[in-house]
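Survey of secondary and tertiary structure
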Amino acid sequence: MTSRPEQDQETNGNTVSENSARPAAGGNTRKVFVRTYGCQMNVYDSERMTDVLGPEGFEATNTLEDADLVILNTCHIREKAAEKVYSELGRIRKVKEERAKSGKDMMVGVAGCVAQAEGEEISRRAPIVDLVVGPQSYHQLPGLLDKARSGEKVVETEFDIDAKFGHLSERAQTQVLKRAPSAFLTVQEGCDKFCTFCVVPYTRGAEVSRSVEQILSEAERMAAAGVREVTLLGQNVNAYHGEATDGSSWGLGRLLRRLSEIDGLDRLRYTTSHPRDMDDDLIDAHRDLKSLMPYLHLPVQSGSDKILKAMNRRHTRDDYFRLIDRIRDASPEIALSGDFIVGFPDETDRDFEDTMDLIRRVGYGSAFSFKYSQRPGTPGATMENQVPEEVKSARLAELQALVSAQQKTFNETRLGMVCDVLLEKKGRNEGQLVGKSPWLQPVQLDAPEALIGSIQAVEIVKIGSNSLFGQIIDRQNSHENPRPVTAAMA
Ligand code: SAH
Ligand code: SF4
Ligand code: F3S
């Protein structure tokens, strides 16, 4: 998966993913349909919501029409992302009316960042919504649902993140896990940086790190359930500073070192990082840890010092160049990725040219780019010299052409290489599987389904526009065959 779910149509991705939880078999249980928008943290949260609802008698479904409960886990990052929620609620209303004809009810919940940002405004605008629940309150879902069932319109947007983390992991422990080979694990949530374009500090609240112990036990459970690759998540994941049992504070580098000792976790990744929080220990971890994959998503947003300052990013373009040099010294093969915003207020042609220049100098393996979107309540929204839409569109097209060319060049350098590929799922065609290269590129190859969950040595034989094509070269000498998936967790 090279595409991050949070990108919108301005890049090449899809923001929507459906319930990834496997529907349980049979029974008269109620069904929950969860649709996830936005970033990986929402993907992780959606899974936890399904976990929490399991003991309440809910099983996951991928069919909206069958759902007794629908949850939209929403994203507020750009206007388009937020508006999608309301068009989806319109569609759900029709399904709900259809179900009502055969005497079946359907409850509707809105979770995620739109829920946090808009609160009760949502049920005013869309009366079919029974429940609005912000990202810090998912552990309370069962109680909130009971309230909503009694006819009350429920809105819960309190910030109490410690409680969320504690309860969700406790719940998850009671579940029987059988997990896909690659999984997300939230280690940090929230943001104190207040970039002037961004809603995240308002929707996710202040920065909070989970304790080392909680993370290790979740990672161990994942490994025992067949997970081979863990991506640590945080809005500012490299600002991680979690408490260990001895009271000391661990940074992300130290956490990664400890996670690399867990048997079965062959691959570690983390996202999203802020340039200001890349400390020496984390950079050294890229040199020292074989399981830390050579890929780094390090958004810079702009290459203009004037715009960086106005965005409150609190570093210069030269700081970024120096940082990239240090990272490449530690890990010469690393694939760099970034996020860019075009058309931030007062961005001139000259400023935009600075961004293009930065991209040329750094050389990215991939990147995500967006037109600046004015978000209510953020300082950028009321700044002067907003950039006209057509200028934003032209700049975005130019920037994306450059990034696509870089991505193509980067992909082409993989031709003929042999690399480890983690086989994750069935491919589009019969007999095909899709996996991931160390540099996060999707790799398609012919292989039996039994190899899902294994890491194979693969020769890259062809380069496609969005993925690489490979052939398994020597199963004996590559990493071991799929480990058996153990069932229940302590
Ligand atoms: N914490 C991360 C970013 C999280 S939001 C960081 O600091 O880099 C993901 C991306 O969405 C951002 O990197 C930015 O490129 C984009 N984004 C955020 N707010 C935006 C806005 N108002 N308009 C356009 N893009 C935005
Ligand atoms: Fe948003 Fe900036 Fe925080 Fe990233 S660091 S989440 S862009 S405020
Ligand atoms: Fe969107 Fe919230 Fe993630 S605004 S990008 S879902 S943190």
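The coordinates are above.
On a predicted model such as this, the values are computed, not experimentally measured, just so you know. For every chain, the first residue of the written sequence is number 1, and numbering continues from 1 along that sequence. To label them, take the chains in the order written and letter them from A, then take the ligands in the order written and number them from 1. The model is predicted, so local features are restricted to residues of pLDDT at least 70 and side-chain atom pairs to those at 80 or more, both for listing and for counting; the totals for chains, interfaces and linings are taken over all residues. No hydrogens and no water enter the side-chain calculation; it runs on all heavy atoms of the structure.

Turning to the pairing of strand S14 (residues 267-271), a few remarks are in order. Note on exposure labels: buried denotes an accessible area under 20% of the residue type's maximum, exposed denotes more than 50%, and partly exposed covers the range between, all computed with a 1.4 Å probe on protein chains only. Here a helix means four or more residues in a row that DSSP labels H or I, a strand means two or more in a row labelled E, and each is numbered from the N terminus. Of all five residues making up S14, five are buried, and the element is well covered by its neighbours. Alternating positions in S14 separate into two faces, Arg267, Arg269 and Thr271 on one and Leu268 and Tyr270 on the other, with burial throughout.

Residues Leu282, Ile283, Ala285 and His286 constitute the buried set of helix H10 (residues 280-288). One side of H10 carries all its buried residues, which in axial view fall inside an arc of 150°. Here a residue-residue contact requires only that any non-hydrogen atoms of the pair lie within 4.5 Å. The inward-facing, buried residues of H10 abut helix H9 (252-259), S14, strand S15 (295-297) and helix H12 (317-330). To be clear, the arc concerns the directions from the helix axis to the C-beta atoms.

With that out of the way, let us pick up helix H14 (residues 389-412). The periodicity of an α-helix, 3.6 residues per turn, causes residues three or four places apart in sequence to face the same way. Expected span of a helix: the number of residues minus one, times 1.5 Å. The end-to-end C-alpha distance of H14 is 34 Å, a good match for the 34 Å that 24 residues give at a rise of 1.5 Å each. Residues of H14 that are buried include every one of Lys392, Arg395, Leu396, Leu399, Leu402, Val403, Gln406, Phe410 and Asn411, and no others. Close packing links the buried residues of H14 with strand S16 (335-342), helix H13 (349-362), strand S17 (366-371), strand S21 (455-463) and strand S22 (468-472).

The cutoff for a nearby residue is simple: one of its non-hydrogen atoms must lie within 4 Å of the molecule or strand. As a structural note, the neighbourhood of ligand 2 is formed by Cys191, Lys193, Phe194, Cys195, Phe197, Cys198, Val200, Pro201, Asn236, His274 and Arg313. Only Asp, Glu, Lys and Arg are considered charged in this grouping, and only Ala, Val, Leu, Ile, Met, Phe, Trp, Tyr, Cys and Pro are considered nonpolar; every other residue, Gly among them, is considered polar. Tallied by class, the residues present in the shell around ligand 2 amount to seven nonpolar, two polar and two charged.

With respect to spatial proximity, the complete set of residues near ligand 3 consists of Cys39, Asn42, Thr74, Cys75, His76, Ile77, Cys113, Arg204 and Gln235. Split into classes, the residues belonging to the shell around ligand 3 amount to four nonpolar, four polar and one charged.

Turning our eyes to something else, we now look at the packing of helix H1 (residues 40-53) against helix H5 (residues 141-149). The geometry of H1 relative to H5 is characterised by a closest axis approach of 9 Å and an angle of 70° between their N-to-C directions. Relative to H5, H1 is oriented roughly perpendicular. Where H1 approaches H5, its residues Met49, Val52 and Leu53 are matched on the opposing element by Leu141, Pro142 and Leu145. Its residues assigned to classes, the contact of H1 with H5 shows six nonpolar, no polar and no charged. Structural elements are reduced to axes, namely lines fitted to C-alpha atoms, with helices fitted over the stretch in contact, and the angle between N-to-C directions of any two is expressed from 0 to 180 degrees. Oblique is the label for any angle not covered by the other classes, which are roughly parallel (under 35 degrees), roughly antiparallel (over 145) and roughly perpendicular (65 to 115).

Once that is clear, we can look at the pattern of salt bridges. We count a salt bridge whenever a side-chain nitrogen from Lys or Arg sits within 4 Å of a carboxyl oxygen from Asp or Glu. All told, the structure shown has 41 salt bridges when counted by the stated rule. One salt bridge in this structure joins Arg124 and Glu120, with 3.9 Å as the shortest N-O distance. Two residues, Arg269 and Glu229, come together in a salt bridge whose shortest N-O distance is 3.1 Å. Here the residue Arg269 occupies a position in strand S14, and Glu229 occupies one in strand S11 (residues 229-233), the gap between them amounting to 40 residues. Residue Arg269 is classed as buried on the basis of its relative accessible area, which comes to 6%. A cluster of three or more residues bridged by salt bridges with shared partners is formed by Glu229, Arg267, Arg269, Glu424 and Lys436.

Grouped together as the largest cluster of nonpolar side chains are 54 residues, with contacts concentrated most on Leu232 and Tyr270. The set of buried Ala, Val, Leu, Ile, Met, Phe, Trp, Tyr and Cys residues whose side-chain atoms join them within 4.5 Å is what this entry labels a nonpolar core. Listed in part, the 24 residues of the second largest apolar core include Phe33, Tyr37, Tyr86 and Ile128.

Within the element layout of this structure, Ala405 appears in helix H14. Distance from Ala405 to Gly363, taken between C-alpha atoms, is 10.0 Å for residues 42 residues apart in sequence.

Now for the environment of Gly303. Structurally, Gly303 can be placed in the loop between S15 and helix H11 (305-310). Sequence separation of Gly303 and Thr316 is 13 residues, and the distance between their C-alpha atoms is 8.3 Å. For Gly303, the residues in contact, after removing those within four places along its chain, are Arg317, Asp354, Thr355 and Leu358.

Whether two strands pair depends on DSSP finding at least two bridges between them. Pairing within the closed barrel is mixed, and its five strands lie in the order S18-S19-S20-S22-S21. Across the sheet, the axes of successive neighbouring strands diverge by a mean angle of 55°, strand direction being ignored. Two elements, strand S18 (residues 418-426) and S21, share five bridges in a ladder whose sense is antiparallel. Each bridged residue has a counterpart across the sheet, and for Val421 the counterpart in S21 is Gln456.

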